Amino acid sequence: MAMKMDVKDTIEQMERGEQDIALLALLSYNTQMNHCFTFSKEDELDRQVLGGLVLGFLDRDLQPSCQLACLETIRILSRDKHCVEPFIPLSAMSTLARYASIGVVSSAGPPHGQPVQGQGEEEEGGKEAAQVSSEEVKEVSPPPQNSDQEVIAESLKSISNILLHNETGQAVAAELQLIKGVAERLKQCSDANWIHEVRFFDLRITFLLTALRVDVREQLVRELHGISLLGNHLDTTLGLCWPDTLETARAGLEDVPADQLPPLSRQQTELAMEILKILFTITFDTTRRQVDEEEMADYRRLGAMLRHCLMSHADGEEQTDEFHSHTVNLLGNLPLPCLDVLLIPKMEPGSIEYMGVNMDAVNMLLEFMEKTLDRGHKLKETLLPALNLLTESARIHRETRKFLRSKVLPPLRDVTNRPEVGSALRNKLVRIMTSIDTDVKDCSAEFLFVLCKESVSRFVKYTGYGNAAGLLAARGLLRGGKDSGIYSEDEESDTEEYTEAKAHINPITGVVQEEQPNPMDGMTEEQKEFEAMKLVRMFDRLSRTNFIQPMQLGMDGKMSEISPGDLHKLAHNPLFQPEEPANSDSEEEAQ
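This one's a predicted model, so the numbers in the text were calculated from it and none came from an experiment. Residue indices follow the written sequence of each chain, beginning from 1 at its first position. Under the rules for a predicted model, residues below a pLDDT of 70 receive no local features and side-chain atom pairs below 80 are neither given nor counted, while totals for whole chains, interfaces and linings still include all residues. Note that the side-chain values use all heavy atoms of the structure and ignore hydrogens as well as water.

Peer 1: I'd like a description of the overall build of the protein, backed by residues and values.
Peer 2: Along the backbone of the protein there are 27 helices and eight strands. For the exposure calls, accessible area comes from a 1.4 Å probe over protein chains only, and a residue counts as buried if that area is under 20% of its type's maximum, exposed if over 50%, partly exposed in between. Counting every position in the protein, which comprises 591 residues, the buried fraction comes to 49%. Areas reported here follow the Shrake-Rupley algorithm with a probe of radius 1.4 Å; residue values treat only the protein chains shown as occluding. Here the protein has roughly 29,300 Å² of accessible surface; of this, 51% comes from carbon and sulfur atoms. Numbering of helices and strands runs from the N terminus; a helix is a DSSP stretch of H or I covering at least four residues, while a strand is a stretch of E covering at least two.

Here you go:
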């Protein structure tokens, strides 16, 4: 009840129209509500009235302190998705954009609101001339001093809330071309005068617009050269220098090994993660389309920066993991030929060398993947990007595949425990090959299959036929053989332990098992046939009730359904052979 009276009291003071009285009322309201993120339904209409009054004040000539108080109120009110209606009309969004200094001058309507202090009277006097062009971008002013940057930051926060909560607000922001105004300021990333909040919310608005609006996403990439723009922003944020074309180092710390670099500051990490999120949003389709030479150069340069991100640490383990997660997500979007930048850097003291190549980044990816696997939380969102990235890297880079195989599938010695039992990375990956999440199990199986050079016998050796059956069935390899991947002809070397036990290993489980008594010992041939027919009839009954679907293994190595009619005939004639599907040959040729 007290909150409702506060809103009504604030409205009453605002309706008096006096700037000083309104300022005191808003300061009081803002102080009380600053940490409020949930709102009652009963005073929803009052909050909307207050929002309209505050917007009306912003169209007046206000003192900076009153501007700031009004914008703080809008920020608080816009936290409630049911209370953003006053802020989504074109005129309201134009006002907020002007105070955020990201407005685009358009002839579609008159300008709204006053410029923030520091933009000067001359800009106000030139508005009419600026309205002639419908697409002219207002030049972003130099960083204003003190409270004016706070005004910009508060405006950006309000716009961010509106974009997050309201689809109409998103459409209006796109119509107002706010992405152009933000992009202009992002070009000033090397200007240290801008405060962190302005930098951060410029990026947050860019992320929201590109994530929620396909047209803005394409505009940023095509018209505003977003890959290059954000790459430069990431370069500046991380404080990089370039000792060689695709080699990065921290400026002033060029001689410090990567594992000894000081952690990135919290502000650096926050900005870098926003940049990575935007880049992920605008590059998600690069693996599905042709990339020209200019784009490829940008992506390779970006890949070098992402390698630096992967080798860097933030302030605290939790933030480091989040930072690396965004890095891995974006690496997975790069065109596959660009992944060689992970292997380019020269060897340093303490670097991991394998076949003459620097494997620091690949090893970091492997450690990150195992850490997310051990955590076991949201595997689809956290584990799959790392697994997919490692799989594709191993598929196209022989050195990467051999290094990963040495870590994940070392020579097999333990033949007494099932492949899914144990704490080694191989055991963990085999365990999730039977996960109820299809994407997780398929991705894990694919990774191990590539490390086995897509050889069925080698894959079964390390995982057991039972665990491998899902992938083999999907690929038509249940009869054995090798998939169509192109790999080097390095030899498979078996350990003495495996060679000695090989003849006694159960291929289904992948381990040595004690000999079990044969349940058919002592039966006559007639008894054996009777038990077999009994089993077939049980399958027949279950299939007719759709409880199970009997399958058969075709000559193409794929499973196909046995029709109820064929199964019924088999139940009465054990010599009956179900026919293969008529199109099996054509399917095989199509592959």
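Peer 1: Which residues make up the packing of helix H18 (residues 379-396) against helix H19 (residues 398-408), and what are the values?
Peer 2: Orientation is described by lines fitted to C-alpha atoms, with helices fitted over the stretch in contact, and by angles between N-to-C directions that extend from 0 to 180 degrees. With their axes 5 Å apart at the nearest point, H18 and H19 run at an angle of 120 degrees to one another. Here H18 lies oblique to H19, going by the angle between them. As for how H18 packs across H19, the hand of that crossing is left-handed. The residues of H19 that touch H18, namely those facing Leu390, Ser393, Ala394 and Ile396, are Arg398, Thr400, Arg401 and Leu404. Put simply, Ala, Val, Leu, Ile, Met, Phe, Trp, Tyr, Cys and Pro go in the nonpolar bin, Asp, Glu, Lys and Arg in the charged bin, and everything else, Gly too, in the polar bin. When its residues are assigned to classes, the contact of H18 with H19 shows four nonpolar, two polar and two charged. Just so you know how the angles are binned, under 35 degrees is roughly parallel, over 145 roughly antiparallel, 65 to 115 roughly perpendicular, and the rest oblique. For any helix crossing, the convention is left-handed if the near helix is rotated counterclockwise from the far helix by under a right angle, and right-handed if that rotation is clockwise. Contacts were defined at the residue level, with two residues in contact if any of their heavy atoms lie within 4.5 Å.

Peer 1: Quick rundown of the environment of Gln219? Include the residues and the values.
Peer 2: Examined against the element boundaries, Gln219 turns out to sit in helix H12 (residues 214-222). Along the sequence, Gln219 and Lys180 sit 39 residues apart, while their C-alpha atoms lie 9.0 Å from each other. Dropping the residues within four chain positions of it, Gln219 is found in contact with Gln177, Ile179, Lys180 and Leu224. Within the structure, the side chain of Gln219 is placed 2.8 Å from the side chain of Gln177, a separation counted as a polar contact. Whenever a nitrogen or oxygen atom comes within 3.5 Å of another N or O atom, the pair is scored as a polar contact, on the condition that within protein one atom can donate a hydrogen and the other can accept it, and that pairs from neighbouring residues in sequence are kept only if both atoms are in side chains.

Peer 1: Explain the nonpolar core to me, and be specific about the residues and the numbers.
Peer 2: Nine residue types can take part in a nonpolar core, namely buried Ala, Val, Leu, Ile, Met, Phe, Trp, Tyr and Cys, and a core is a set of them joined through side-chain atoms within 4.5 Å. Within the largest apolar cluster, 141 residues are counted, with the highest numbers of intra-cluster contacts made by Met369, Leu429, Phe447, Phe459 and Leu472. With residues near it in sequence (within four places) discarded, Phe459 still touches Met433, Ala445, Leu448, Phe449, Cys452, Gly464, Ala468, Leu471 and Leu472.

Peer 1: Which residues make up the side chain of His196, and what values go with them?
Peer 2: Along the chain, His196 falls in helix H11 (residues 196-212). A relative accessible area of 18% places His196 in the buried class. When neighbours within four sequence positions are excluded, His196 is seen to be in contact with Gln267, Glu270 and Leu271.

Peer 1: Please set out the side chain of Asp46 residue by residue, giving values where relevant.
Peer 2: You can see Asp46 is positioned in helix H3 (residues 44-58). Of the polar contacts made by the side chain of Asp46, one reaches the side chain of Lys8; its length is 3.2 Å.

Peer 1: Could you give an account of the pattern of salt bridges, naming the residues involved and the relevant values?
Peer 2: The salt bridge definition used is simple: a Lys or Arg side-chain nitrogen within 4 Å of an Asp or Glu carboxyl oxygen. Following the criterion strictly, the structure yields 30 salt bridges and no others. When the shortest N-O distance is used, the salt bridge between Arg544 and Asp540 registers 3.2 Å. Taken as a pair, Arg544 and Asp540 lie in helix H25 (residues 525-544) at a separation of four residues, close to a single helical turn. Taking the relative accessible area as the measure of exposure, Asp540 reaches 8% and is therefore buried.

Peer 1: Lay out the pairing of strand E1 (residues 240-244) with the relevant residues and their values.
Peer 2: Paired strands are those between which DSSP finds at least two bridges. Sheet analysis places E1 next to strand E2 (residues 247-250), joined by three bridges and oriented antiparallel. The residue of E2 that forms the bridge with Cys241 is Ala249. From the end of E1 to the start of E2, which pair antiparallel, there are two residues.

Peer 1: Could you give an account of a nonpolar patch on the surface, naming the residues involved and the relevant values?
Peer 2: On the surface, a cluster of nonpolar side chains totalling about 260 Å² of accessible area is made up of Leu535, Met538 and Phe539. Looking at Met538, the relative accessible area reads 37%, which means it is partly exposed. Nonpolar side chains (Val, Leu, Ile, Met, Phe, Trp, Tyr) are joined into patches within 5 Å and like charges within 9 Å, using only residues with over 30% relative accessible area and no salt bridge.

Peer 1: Before we move on, could you go through H19 and cite the residues and values that matter?
Peer 2: Among all positions of H19, only Thr400, Arg401, Lys402, Phe403, Leu404, Arg405 and Val408 are buried. Summarising the contacts, the buried residues of H19 are in contact with strand E3 (353-354), helix H17 (360-375), H18, helix H20 (425-431), helix H21 (438-451) and helix H22 (456-463).

Peer 1: Run through the packing of aromatic side chains, naming residues and quoting values.
Peer 2: Only the six-membered ring of Trp is used, alongside the rings of Phe and Tyr, when aromatic pairs are assigned; centres must lie within 6.5 Å, and planes under 30 degrees apart are stacked while those over 60 apart are edge-to-face, with the rest tilted. Enumeration according to the criterion identifies three aromatic pairs in this entry. The lysine or arginine in question, Arg79, covers the ring of Phe37, its NZ or CZ lying 4.0 Å from the ring centre. Charge over a ring is defined by NZ of Lys or CZ of Arg lying within 6 Å of the ring centre and within 35 degrees of the ring normal. Against the face of Trp194 rests Arg185, its NZ or CZ located 5.1 Å from the ring centre.

Peer 1: Mind laying out unusual backbone geometry, listing which residues take part and the relevant values?
Peer 2: One non-glycine residue, Ser101, adopts positive backbone phi at about 60 degrees. The topology assignment puts Ser101 in the loop between helix H5 (90-99) and helix H6 (120-125). Positive phi values are uncommon outside glycine, yet Met355 reaches one of about 55 degrees. Secondary-structure assignment places Met355 in the loop between E3 and strand E4 (357-358). On the accessibility criterion, Met355 (41% relative accessible area) is partly exposed.

Peer 1: A description of H21 should follow, citing residues and the corresponding values.
Peer 2: Over its 14 residues, H21 runs 20 Å from end to end, which matches the ideal 20 Å to within 8%, given 1.5 Å per residue. Counting buried residues in H21 gives ten out of 14 residues, a clear majority hidden from the surface. Among all positions of H21, only Val440, Cys443, Ser444, Ala445, Glu446, Phe447, Leu448, Phe449, Val450 and Leu451 are buried. In this structure, the buried residues of H21 make contact with H17, H18, H19, H20, H22 and helix H23 (465-475). Multiplying 1.5 Å by the helix residue count minus one yields the expected span of that helix.

Peer 1: Now, about the environment of Glu381: what can you tell me, with residues and values included?
Peer 2: Here Glu381 shows up in helix H18. Assessed through its relative accessible area of 49%, Glu381 is described here as partly exposed. Between the alpha carbons of Glu381 and Ser325 there is a distance of 9.6 Å; along the sequence they are 56 residues apart.

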